[in-house]
Amino acid sequence: MDEIVREPVKVRPEDLDPHYRWERALPAWGSMAVDFELRVDFHRLIRYRMGRARQALENSDLGALLLFDVNNIRYVTSTKIGEWERDKLCRFALLARGAEPILWDFGSAAVHHRLYVPWLLKEHCKAGLIGLRGTVPPAFGLMKRHAQEIAALLRDCGVADTPVGVDIIEPPMMFELQAAGLEIVDGQQVMLEAREIKNVDEIALLNRAAAMVDGVYQQIFEELKPGAREADIVANANRFLYAHGSDDVEAINAISGERCNPHPHNFTDRMIRPGDQAFFDVLQAFMGYRTCYYRTFNVGRATPAQHDAYRKAREWLDRAIELIRPGVSTDRIASVWPKAPDFGFPDEMAAFGLQFGHGLGLALHERPIISRVVSLTNPMEIKEGMVFALETYCPATDGYSAARIEEEVVVTDKGCRVISLFPAEELPIANRY
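Residues numbered from 1 in each chain as written. Predicted model: local features only at pLDDT ≥ 70, side-chain atom pairs only at ≥ 80, totals over all residues. Heavy atoms only, no water.

Trainee: Got a minute to help me understand the overall build of the protein in this structure?
Mentor: The helix and strand tally for the protein stands at ten helices and 16 strands. Here the C-alpha radius of gyration of the protein, 23 Å, is about what a compact globule of 433 residues would show, namely 22 Å. In terms of principal-axis extent, the alpha carbons of the protein reach across some 70 × 55 × 45 Å. Out of the 433 residues in the protein, the part that is buried amounts to 55%. For the protein, long-range pairs separated by at least 24 residues make up 70% of all intrachain contacts whose partners lie at least 6 apart in sequence. For the protein, the exposed surface amounts to about 18500 Å²; the carbon and sulfur share of it is 54%. Considering the protein, the positive charge centre built from 50 side chains and the negative charge centre built from 62 side chains are found 2 Å apart. (Helix = DSSP H or I, 4+ residues; strand = E, 2+ residues; numbered from the N terminus. Rg over C-alpha atoms; globule rule 2.2 N^0.38 Å. Buried < 20%, exposed > 50% of the residue type's maximum accessible area, 1.4 Å probe, protein only. Contact = heavy atoms within 4.5 Å. Areas by Shrake-Rupley, 256 points an atom, 1.4 Å probe, with all protein chains shown as cover. Lys, Arg positive; Asp, Glu negative; His and termini not counted. Charge placed at Lys NZ, Arg CZ, Asp CG, Glu CD.)

Trainee: Help me understand the packing of aromatic side chains, please; the structure alone is not making it clear to me.
Mentor: Aromatic rings in a pair are described by how distant their centres are and how their planes are angled relative to each other. By the definition in use, this model includes 16 aromatic pairs. On the basis of an interplanar angle of 45° and a centroid distance of 6.0 Å, the ring pair of Tyr217 and Phe297 is categorised as tilted. Note that Tyr217 is positioned in helix H7 (residues 200-223) and Phe297 in strand S10 (residues 293-299), a separation of 80 residues in sequence. By relative accessible area, Phe297 is classed as buried at 0%. Ring geometry for Phe221 against Phe297: centres 6.1 Å apart, planes inclined by 45°, an arrangement best described as tilted. Of this pair, Phe221 sits in helix H7 while Phe297 sits in strand S10; the two residues are 76 residues apart in sequence, bridging distant segments of the chain. Residue classification places Phe221 among the partly exposed residues on the basis of a relative accessible area of 25%. One aromatic cluster in this structure is built from Tyr217, Phe221, Phe280, Tyr293, Phe297 and Phe422. (Phe/Tyr/Trp six-rings, centres within 6.5 Å; stacked < 30°, edge-to-face > 60°.)

Trainee: Before we go on, may I ask you to explain the side chain of Gln188 in this structure?
Mentor: Take Gln188: it is sitting in helix H6 (residues 188-195). Side chain to side chain, Gln188 and Asp69 meet in a polar contact 3.3 Å long. Excluding its chain neighbours within four sequence positions, the residues that come into contact with Gln188 are Asp69, Asn72, Val166, Asp167 and Ile168. (Polar contact = N/O pair within 3.5 Å; in protein donor to acceptor, adjacent residues only side chain to side chain.)

Trainee: Help me out: how do you make sense of the environment of Thr162 in this one?
Mentor: By secondary structure assignment, the location of Thr162 is in the loop between helix H4 (142-157) and strand S5 (164-166). Put simply, Thr162 and Asp61 are 101 residues apart on the chain and 7.8 Å apart in space, counted from C-alpha to C-alpha. Setting aside anything within four residues of it in sequence, one finds Thr162 in contact with Leu62 and Gly63. Within the structure, Thr162 has its side chain in polar contact with the backbone nitrogen of Gly63 (distance 3.4 Å).

Trainee: Could you clarify how one ought to interpret the sheet that holds strand S14 (residues 402-411) in this entry?
Mentor: In a beta sheet, neighbouring strands pair by backbone hydrogen bonds and run either parallel or antiparallel. If you trace the five strands from one edge of the open sheet to the other, you get S12-S11-S13-S14-S15, paired in antiparallel fashion. Two strands in the sheet have a free side with no partner beyond their single neighbour: strand S12 (366-370) and strand S15 (416-418). Neighbour to neighbour, the strand axes of the sheet diverge by 25° on average, direction disregarded. Inspection of the sheet shows strand S11 (residues 356-359) paired to S12 by three bridges, in the antiparallel sense. Across the sheet, residue Gly359 finds its bridge partner in S12, namely Glu366. (Pairing = 2+ DSSP bridges. Axes fitted to C-alpha atoms, helices over the stretch in contact; angles between N-to-C directions.)

Trainee: Explain the sheet that holds strand S1 (residues 64-67) to me, please; I cannot follow it from the model alone.
Mentor: Ordered by their spatial adjacency, six strands build an open sheet running S4-S3-S2-S1-S5-S6, and the pairing between neighbours is mixed. For this open sheet the edge positions go to strand S4 (125-127) and strand S6 (184-186), each flanked by a neighbour on one side alone. Looking at each pair of strands side by side, their axes are set apart by 25° on average, direction ignored. Relative to S6, S5 runs parallel, the two being bridged by three bridges. Bridging from a neighbouring strand, Val166 pairs with Asp186 of S6. Across the sheet, helix H3 (residues 108-116) is in contact with strand S3 (102-105) and S4; its angle to S4 comes to roughly 165°.

Trainee: Just to check I follow, could you spell out the nonpolar core for this structure?
Mentor: The tendency in soluble globular proteins is for nonpolar side chains to be buried as a group. With 104 residues, the main nonpolar core has Tyr217, Phe280, Ile333, Phe388 and Leu390 as its most contacted residues. Looking at which element gives the most residues to this core, the answer is H7, with eleven residues. Contact partners of Ile333, with chain neighbours within four places excluded, come to Ala320, Leu323, Ile324, Val328, Ile370, Ile382 and Leu390. Counting residues in hydrophobic clusters, the runner-up holds 24 residues, among them Phe68, Phe92, Ile130 and Ala147. (Core = buried A, V, L, I, M, F, W, Y, C linked by side-chain atoms within 4.5 Å.)

In structure tokens form, the structure reads like this:
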């Protein structure tokens, strides 16, 4: 195979342009590249993400970012080796001021990157290992060796005497970095700042991911019959998503009948019964970009109490969506949601995540976080280009049913657009009697 000619990424002012076209509909492209229309421009996406990360680093007091969080590694290096590595802490990347990113990857993955990742310098794709969450004991010396290597690289860049921001880390590795003379501080906030504003390509990927969940909900609507189990629904949804290009089905919550209240956030082998209220959450990713998208259904019929719970959940959600526009602070949004005691919980922490908003991107939870727990006293500003989910929950007066609805929104220059399109204005009755 001919070797790919590569040059270091040079971030230009135009690379930070998100290229919004709010006058047009948000595209939900097919999963393939084609020669007859420009879909997601991955080269532009790579330059934008690198530019945002460099800009956030320059805006901080850090000399470098040392990244172990796979979402941050993907954002900065545009590399991914499989969902299995998400919780292994087996990869890491270094971004220093004025330097090209360096990636230490799992064994032969580094060799692969030298062949197929031309936006990284070949010599910056290194094999590395710090211990797989302690299974290789720190006493073996891998952490010490890499800490000394990183310190030497930072000295070469002239930033070894400035703080190094780290996102997540094993304590023994942090101790070795400190022993190598580095000042270690929190770098996750810098990366979250970089990732909070999505460009046109990220929005297209998020919209495509949402479109896949639209299809899942049509399938669920047709499958919701007595005799089906929560686990059956989940299995078929996984099959649909992977067949349509998902690179990770992180989780699918399937909650039915008496399991709806309180909300357990999982699925079981419970069998669906006539009259059940049932809600689902589909958390999956397309090209790394995630969904969080709840829908509630009733099976065959619904009681007045179930209809009432759904109407309230919808009303609380709509009040929040009406407020979304650039410049609005998250405390205003959280303030329109009911207080925890008003829907049966002792305090706001016990109700956390039920009346909730959270950013979506390469991670399930990015900026902004919107909740009465944090937003009323520590508000954040809503900005153009943010993408986040808003979700509400209302228990029914029958003591066991409940409604759960969630919409994904893109913040435009004047307001927001909803990209979760399966109908949810009224309670859907699947296979009505």
